[in-house]
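# Structural characterization, general
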Amino acid sequence: MVYKLLTPPNVKIFKSRAACILLLLSTLFLTSYCPADKYFARQQMQQVAEPQSRFFLITVIDSDDEIIGERCKTDQEEVTDYFKDLSDWLGISSISIKNIDGNQFSKAVVNDAIANWLVSMQPGKKDIIVFYYSGHGFRQAGDKSTYPRMWLKTATDRDVDRNNLRLEEDIYDPIVKLGAGVNIILSDCCNSVPGANMAFSGSLKKRESKKPSTDEMDGDIADYEKLFSPNVPISIIATASDATELAGGTADVGGFFTMYFLEALDGSIYDDDLDANWNTILNYAKEEAAKKALGALCPENKHNPSGRCIQTAKFRIAEGEEN
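Quick look at the structure, then.

## Here we look at the nonpolar core
Of all hydrophobic cores here, the largest spans 52 residues; its most connected members are Phe83, Leu86, Phe228, Phe261, Leu265 and Trp278. Elements represented by at least two residues in this core include exactly β1 (55–61), α4 (69–90), β3 (128–134), β7 (182–188), α7 (217–228), β8 (234–239), α8 (256–269) and α9 (278–293). Of all the elements, α8 adds the most residues to this core, at nine residues. Here Leu86 is in contact with Tyr224, Phe228, Ile269 and Tyr270, once residues within four sequence places are set aside.

## Let's talk about the pattern of salt bridges
As enumerated under the stated definition, the model contains eleven salt bridges in all. Between Lys153 and Asp62 there is a salt bridge, and its shortest N-O distance comes to 2.3 Å. Of this pair, Lys153 sits in the loop between β5 (149–151) and β6 (164–166) while Asp62 sits in the loop between β1 and α4, and the two are 91 residues apart along the sequence. Pair check on accessibility: Lys153 and Asp62 agree, each one buried. Bridged by salt links that share partners, the residues Asp62, Asp65 and Lys153 form one connected network.

## Things to note about the state of the cysteines
According to the stated counting rule, one finds zero disulfides in the structure shown. With no disulfide partner, Cys189 has as its closest neighbouring cysteine sulfur the one in Cys190, 7.0 Å distant.

## Section: the environment of Gly249
Secondary-structure assignment places Gly249 in strand β9 (residues 249–250). Residues Gly249 and Asp75, 174 residues apart in the sequence, show an inter-C-alpha distance of 9.6 Å.

## Regarding a negative patch on the surface
Taken together, Glu77, Asp81, Asp85 and Asp88 make up a surface patch of like negative charges. With respect to the helices and strands, Asp88 occurs in helix α4. By relative accessible area, which is 57% here, Asp88 ends up exposed.

## Focus: the packing of aromatic side chains
Under the criterion given, the structure shown has nine aromatic pairs. The interplanar angle of 90° and the centroid separation of 6.3 Å between the aromatic rings of Phe56 and Trp117 together place this pair among those described as edge-to-face. Of this pair, Phe56 sits in strand β1 while Trp117 sits in helix α5 (residues 107–120); the two residues are 61 residues apart in sequence, bridging distant segments of the chain. One exposure class covers both Phe56 and Trp117, and it is buried. Ring centres of Trp89 and Tyr270 lie 5.4 Å apart, and the angle between their planes is 85°; on these two criteria the pair is classed as edge-to-face. In this pair, Trp89 sits in helix α4 while Tyr270 sits in the loop between α8 and α9, placing the two residues 181 residues apart along the sequence. For Tyr270, a relative accessible area of 9% translates into the label buried. These aromatic residues form a ring-pair network of at least three members: Tyr224, Phe228, Phe261 and Trp278.

## A short note on the sheet that holds β6
Strand order across the open sheet formed by three strands is β4-β5-β6, with antiparallel pairing between neighbours. Whereas interior strands pair on both sides, the edge strands pair on one side only; in this sheet they are β4 (137–138) and β6. Examined bridge by bridge, β4 and β5 share two bridges and lie antiparallel to one another. Its bridge partner lying in β5, Phe138 is registered against Arg149.

## Some words on the sheet that holds β8
Two modes of strand pairing occur in sheets, parallel and antiparallel, and in both the strands are linked by backbone hydrogen bonds. Pairing in this open sheet of six strands is mixed, and the strands run β2-β1-β3-β7-β8-β11 from one edge to the other. Lying at the two open borders of the sheet, with one neighbouring strand each, are β2 (95–100) and β11 (314–319). Across this sheet, the average inter-strand angle for adjacent strands is 5°, counted without regard to direction. Where β8 lies against β11, six bridges are found, and the strand directions are antiparallel. Its bridge partner lying in β11, Thr239 is registered against Lys314. Against the sheet, α8 makes contact with β3, β7 and β8, and its axis sits at roughly 145° relative to β7, the strand it touches most.

## Some words on unusual backbone geometry
The phi angle at Thr244 is positive, at roughly 80°, despite the residue not being glycine. Within the secondary structure layout, Thr244 lies in the loop between β8 and β9. On the basis of relative accessible area, Thr244 is assigned to the partly exposed category, the value being 41%. Located in the positive-phi region is Asp272, a residue other than glycine, with phi close to 60°. Here Asp272 shows up in the loop between α8 and α9.

The rules behind these values
- Residues numbered from 1 in each chain as written.
- Predicted model: local features only at pLDDT ≥ 70, side-chain atom pairs only at ≥ 80, totals over all residues.
- Heavy atoms only, no water.
- Core = buried A, V, L, I, M, F, W, Y, C linked by side-chain atoms within 4.5 Å.
- Buried < 20%, exposed > 50% of the residue type's maximum accessible area, 1.4 Å probe, protein only.
- Helix = DSSP H or I, 4+ residues; strand = E, 2+ residues; numbered from the N terminus.
- Contact = heavy atoms within 4.5 Å.
- Salt bridge = Lys/Arg side-chain N within 4 Å of Asp/Glu carboxyl O.
- Disulfide = S-S within 2.5 Å.
- Patch = residues over 30% accessible without salt bridge, like charges linked within 9 Å, V, L, I, M, F, W, Y side chains within 5 Å.
- Areas by Shrake-Rupley, 256 points an atom, 1.4 Å probe, with all protein chains shown as cover.
- Lys, Arg positive; Asp, Glu negative; His and termini not counted.
- Charge placed at Lys NZ, Arg CZ, Asp CG, Glu CD.
- Phe/Tyr/Trp six-rings, centres within 6.5 Å; stacked < 30°, edge-to-face > 60°.
- Pairing = 2+ DSSP bridges.
- Axes fitted to C-alpha atoms, helices over the stretch in contact; angles between N-to-C directions.

Next up, the structure:
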């Protein structure tokens, strides 16, 4: 019997089975040494350190305007710094920013930024595009869209009819067609007759930038992913005021809608004060901006019986493959 067991074919089978047993024991040992929760935690941190998504930010800022130029500069600084800090925190090295301001502020440059610069980047479903406008906005009598036109005047040509782009048809629609996973098109401007302006004389505390805690990083990343890494593509268009309304702000804090939009992002990602979903964030910005607008007197257009300004932000969120 011993002789038969040690014949070459049986020895080969014995060695194979022994090897399998050793492999199984090694696997069990490694699994106990490196628990699954630690493994997945390490995988999560690796994904944060080496993200596959890219971030594209376009800001269009009427920085040279004699009335609201300083306010627009504040908006640009706040928005740019916010998304740069967010990208740094997440370890996103691929963030591309195009700031259109000063003597670059024009219809031609904005069109080029979308039709050439952004198209050349070939955005994909894992990428994020944010387009942000701060300047004068208006609408024409025949406009069907709720969203305003941007007045892209230059130093040599201030003609309203020639120098404007529609936020929805000329900006939102072509950007969404590029196929990014997240598209956010924002404007902080009036939505009334050309040349209207709303001043605000009261004081307002500037938003303080939040610093995420490393102890709560896992939860913060989960909230970020709900917003910027959704399971289906998402596209957002939002503006600071409804048709016929003006948009409030100060040079110190920028546009009210912009300030509260960034504050809501902080509250949903870092503080857990708000649910991490876009509807909650945009409604927060809408409600808080409306409260602050009541501190200004509206000499024309839409106002309450006391003459105080009514500002009603408008937004739309589209989810799915066909936005």
